[in-house]
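Observations on the model geometry
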Amino acid sequence: LILAGGRAIDEDDISGKTMTAVLGSNVLTDLYGEGATADQAIGTTISVNKKKFEVVGVLKANGSRMGPMSVDDSVIVPLSVAEKSLFGSKGSIR
């Protein structure tokens, strides 16, 4: 995956369980409007399932998929945060 701007989720985010997010290109457009740039989103706060995340990066449009989901339609957060804050006991989003 290639960043359009900002940074990726790193080890400090995972171990520190930081509320950070990297947006797919379609999510950027959906949240910030057509023609929005990574710089406009980085440093802002978004809500996912009533949890607030700071946008630290945006991915370049990719067109590829991870299983049934498009990378461009994804919000990537540290796994440690997803396990604690977003996923229920059966691994589904609350």
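Residues numbered from 1 in each chain as written. Predicted model: local features only at pLDDT ≥ 70, side-chain atom pairs only at ≥ 80, totals over all residues. Heavy atoms only, no water.

Within the fold, A36 resides in the loop between helix 2 (25-32) and helix 3 (38-41). The class of A36 is buried, set by a relative accessible area of 16%. Each C-alpha atom of the pair A36 and S25 lies 9.6 Å from the other, and the pair is eleven residues apart in sequence. (Helix = DSSP H or I, 4+ residues; strand = E, 2+ residues; numbered from the N terminus. Buried < 20%, exposed > 50% of the residue type's maximum accessible area, 1.4 Å probe, protein only.)

Applying the stated rule across the entire model yields two salt bridges. Across the salt bridge formed by D10 and R7, the nearest N and O atoms sit 3.5 Å from each other. Relative accessible area serves as the criterion here: at 31%, R7 is assigned to the partly exposed category. The salt bridge involving D13 is made with R7; its shortest N-O contact spans 2.7 Å. The network of salt bridges with shared partners includes R7, D10 and D13. (Salt bridge = Lys/Arg side-chain N within 4 Å of Asp/Glu carboxyl O.)

Our next topic: the nonpolar core. In terms of nonpolar packing, the biggest core is built from 14 residues, with L23, A41, I46, F53, V55 and V58 touching the most fellow members. Those elements that place two or more of their residues in this core are strand 2 (20-23), helix 2, helix 3, strand 4 (51-59) and helix 4 (79-86). Here the element with the most residues in this core is strand 4; it accounts for three residues. When near neighbours in sequence (up to four residues on either side) are disregarded, V58 contacts L3, A4, G5, V22, L23, L28, A38 and A41. (Core = buried A, V, L, I, M, F, W, Y, C linked by side-chain atoms within 4.5 Å. Contact = heavy atoms within 4.5 Å.)

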